[in-house]
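Residue-level structural notes
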Amino acid sequence: MALSLLRRVAISIAMLIATSILVFVVLRLLPGDPVITRLGSTPGVDAETIKRLREEAGLDAPIIEQYLRWMGGIFTGDFGQSYFNQFSVTELIAQRFPATVELTLIGIVLAIIIAVPTAVIASLRPLGAVDRILTAISTAGMALPQFLIGIVLIVVFAVQLRILPARGFTPLADDPASNLVRMILPSLTLAFAAAPLLMRFLRASMIEVLDAPYIRTAKGKGQSGSGVVLGHALRNALIPGLTMLGLIVGYTLGGVVIVEYVFGIPGLGSLAIDAVFKRDYAVLQSVVLLISALFILTTLVVDLLYGVLDPRLRTRRIHG
């Protein structure tokens with residue numbers, strides 16, 4: 001068990017390092033320059049001024065030196081300074097991080113609330129009318145882009161019905177009620193995009209479990225249908241569902257970028273989009289690395305929980 005844990009941690013660290021290199025290099029291959037973008041159409045700027053600003057930002061150094069300087073700062077909690085406004089990237093991320101975490105957690109909880117009962121209902125009669133309808137809806141949900149789902153929700157609930165605000169954000173500490181109201185539409189957008197993936201996986205897992213011999217034994221002993229489905233089938237189907245839940249977290253974190261921009265939420269996603277427009281490498285590479293690290297950490301925790309909760313996997317490791 002300890003060897004497996006060390007192996008997974010080593011793989012996660014290697015993935016994180018590879019991600020940091022990829023992000024750092026790709027951003028510098030993109031057209032545009034943060035110094036030129038910062039100056040904009042400022043008159044009277046000569047080449048000497050541009051050169052001096054690039055030196056102050058550290059952009060004149062070799063790319064390997066820039067990368068090592070950035071990684072060295074990360075280990076001390078310093079992500080550097082924004083190329084656009086000279087603010088600390090660490091402070092910018094700290095200000096935006098709580099909104100992103102709150103939106104992600106609410107979206108994942110809503111996705112689970114939607115996906116689990118839907119998967120159970122669909123699995124009770126595979127290929128039946130209800131199953132076909134729910135599968136068609138989930139397929140449509142997987143095909144629709146998140147920004148389109150968000151726009152539809154805004155049109156229906158904010159423009160037509162006028163019962164929910166379309167945009168804006170209130171910090172949870174300032175006004176919890178207003179915060180939760182403004183989080184409804186963006187959270188539902190994330191949930192409607194993530195729930196179909198989880199529903200399809202749980203449905204397949206439920207169908208497989210319901211056909212297992214111990215389920216037939218439980219039915220033969222006279223146990224009620226709800227007891228068999230909820231007490232045996234669902235509990236065992238949720239264990240492999242942990243793997244998909246880890247992917248859902250990564251999928252949701254990726255969707256936060258667009259959803260925050262659509263609904264005007266000041267989180268990491270909107271910070272990343274602003275950094276793209278401004279060619280602010282220091283902010284963008286740090287946000288992408290942080291989101292990647294959260295996804296890698298989540299998959300690591302899910303893998304470890306899967307090994308703990310599934311006795312078959314533990315037995316396989318012992319005998320292997």
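The notes below deal with the structure included here. Just so you know, these numbers come straight off a predicted model, no measurement behind them.

1. Quick word on the side chain of Thr19
Its location among the elements puts Thr19 in helix H1 (residues 2–29). A polar contact is formed between the side chain of Thr19 and the backbone oxygen of Met15, at a distance of 2.7 Å. When neighbours within four sequence positions are excluded, Thr19 is seen to be in contact with Ser292 and Ile296.

2. Re a nonpolar patch on the surface
A cluster of nonpolar residues, Leu144, Phe147, Leu148, Ile151, Val152, Val155, Val156, Val159, Leu161, Ile163 and Ile258, forms a patch on the protein surface that exposes about 890 Å² of accessible area. Along the chain, the position of Phe147 falls in helix H7 (residues 146–160). According to the relative accessible area criterion, Phe147 is partly exposed, its value standing at 43%.

3. Considering the packing of helix H5 (residues 89–124) against helix H11 (residues 268–278)
Running from amino to carboxyl end, H5 crosses H11 at an angle of 135°, the nearest separation of the two axes being 7 Å. By the criterion of interaxial angle, the relationship of H5 to H11 is oblique. Counting all contacts with H5, which are made through Leu92, Ile93, Arg96, Phe97 and Thr100, the residues of H11 involved are Leu268, Gly269, Ser270, Leu271 and Asp274. When the residues that make up the contact of H5 with H11 are grouped by side-chain class, the tally is 5 nonpolar, 3 polar and 2 charged.

4. Quick look at a negative patch on the surface
Side chains of Asp46, Glu48, Glu55 and Asp60 sit close together on the surface and give a patch of like negative charge. Checked against the element boundaries, Asp46 lands in the loop between helix H2 (34–39) and helix H3 (47–57). In this structure Asp46 comes out as partly exposed when scored by relative accessible area, which is 41%.

5. Observations concerning the nonpolar core
Ranked by internal contacts, the top residues of the largest apolar core, which has 28 residues, are Trp70, Val89, Ile93, Leu271, Val283 and Val287. Listing elements by their share of this core, those giving two or more residues are H1, helix H4 (63–75), H5, helix H10 (225–263), H11 and helix H12 (281–309). Considering every element that reaches this core, the biggest residue donor is H12, with 7 residues. Leaving out residues up to four positions away in the same chain, Val89 has contacts with Phe79, Gly80, Gln81, Ser82, Ala282, Val283 and Ser286. Counting residues in hydrophobic clusters, the runner-up holds 25 residues, among them Ala111, Met199, Met206 and Ile215.

Rules and cut-offs
Residues numbered from 1 in each chain as written. Predicted model: local features only at pLDDT ≥ 70, side-chain atom pairs only at ≥ 80, totals over all residues. Heavy atoms only, no water. Helix = DSSP H or I, 4+ residues; strand = E, 2+ residues; numbered from the N terminus. Polar contact = N/O pair within 3.5 Å; in protein donor to acceptor, adjacent residues only side chain to side chain. Contact = heavy atoms within 4.5 Å. Patch = residues over 30% accessible without salt bridge, like charges linked within 9 Å, V, L, I, M, F, W, Y side chains within 5 Å. Areas by Shrake-Rupley, 256 points an atom, 1.4 Å probe, with all protein chains shown as cover. Salt bridge = Lys/Arg side-chain N within 4 Å of Asp/Glu carboxyl O. Buried < 20%, exposed > 50% of the residue type's maximum accessible area, 1.4 Å probe, protein only. Axes fitted to C-alpha atoms, helices over the stretch in contact; angles between N-to-C directions. Parallel < 35°, antiparallel > 145°, perpendicular 65-115°, else oblique. Nonpolar A, V, L, I, M, F, W, Y, C, P; charged D, E, K, R; others polar. Lys, Arg positive; Asp, Glu negative; His and termini not counted. Charge placed at Lys NZ, Arg CZ, Asp CG, Glu CD. Core = buried A, V, L, I, M, F, W, Y, C linked by side-chain atoms within 4.5 Å.

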